[in-house]
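# Summary of the model geometry
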Amino acid sequence: SAYGIFSLARTLCESINIFTKAGFDVGIVRYLGERHESSHAASNARLVRIVLATVLILSVVPVVAIYAGGGALLQEHVYKYPEFNLILMVMMLSVPFMSLTQVLGGVFRGVLQIYHRVIAELFLQPFMRLAIVAILFLVGLRMWSVVAGTVMSFLITTLYLLAKFRKTLFQGTYKSSMAIDHGLWNELVAVGKYSMIISLTGSVSVLLARTDIIMLGYFTSAHEVGQYAVLQLLVGTIAIFNGALNQAVAPMMAQFCKAGNHSEMRHMVHQHTRWVMITTLPFFMIIA
């Protein structure tokens, strides 16, 4: 039951995060990729800081809404679970950090320094979350260890990326004026337009993938939501190897496609399917 309440609160926060980052995590990659020359460093730095400020403002809005009574209304009329409002209020604090982390990750991708993003999102955040949860669980906390671990891990990840951003990117531009000329405003609007389109189109599948937990929270008990969430994680292990293999296959397929080597593309698809079957079948059989 406790995990069901946490899963529901986390799902709501992740769904809100889709809109608070407004697609800037992808749009900034395109913008910086097209303006990677050193002559654009000052204007790039100003735009990135404005984008981060915009995302922060957007992220604070749902937090204020929940603390102003939105969480209580949800607990009273939709998700009638004990402590749901309190858990959601704490979990909502992770939304600004979640959004900033993803946008900063996009910044590093845009300047082709992806290792900082990989370290932050794929190592530091899950590792710190696990460590904090384990420590708090051992000292006697149960559900609150997971809630606190989740929020604190995103805070640590955001601070790490901000420190790396200030140290490694656009050096010498931080003392420049924060004033924005009309050209920079136009660029900000242009980035925002296609970022929002990317956000809306890309969020459909993500929202659909979260609809089950959101709907179950209304129609079933917290115990059943928790059972479903655990089974979802268990079944998700089947696709782990496919996701890992895709990281290697995708750039190779792009290279073959650019060269027009269709025979190698067909061979790669065949090999990839074979590898996925070999690695995922044991997990499928165990669960079945």
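Provided above is the structure to which this section pertains.
The sections below set out a description of the structure shown in this document. (Residues numbered from 1 in each chain as written. Predicted model: local features only at pLDDT ≥ 70, side-chain atom pairs only at ≥ 80, totals over all residues. Heavy atoms only, no water.)

### Thoughts on the nonpolar core
Grouped together as the largest cluster of nonpolar side chains are 26 residues, with contacts concentrated most on Tyr81, Phe84, Ile87, Leu88, Met91 and Met92. Among the secondary structure elements, those contributing two or more residues to this core are helix H1 (2-20), helix H3 (41-77), helix H4 (84-91), helix H7 (143-168) and helix H9 (222-236). Among the elements that take part in this core, H1 stands out by supplying six residues, more than any other. Excluding residues within four positions of it along the chain, Leu88 makes contact with Ala9, Leu12, Cys13, Ile66, Gly71 and Leu74. Core analysis: the second largest hydrophobic core is formed by 25 residues, Ala22, Val103, Ala120 and Phe165 among them. (Core = buried A, V, L, I, M, F, W, Y, C linked by side-chain atoms within 4.5 Å. Buried < 20%, exposed > 50% of the residue type's maximum accessible area, 1.4 Å probe, protein only. Helix = DSSP H or I, 4+ residues; strand = E, 2+ residues; numbered from the N terminus. Contact = heavy atoms within 4.5 Å.)

### Details of helix H10 (residues 240-259)
Taking 1.5 Å of rise per residue, the 20 residues of H10 would be expected to cover 28 Å, and the 30 Å separating its terminal C-alpha atoms lies within 8% of that figure. All of the buried residues in H10 are Val249, Met253 and Phe256. Looking at the buried side of H10, the elements it contacts are helix H11 (262-287). Two residues or fewer past H10, Gly260 is found with a positive phi of approximately 70 degrees. (Expected span 1.5 Å × (residues − 1).)

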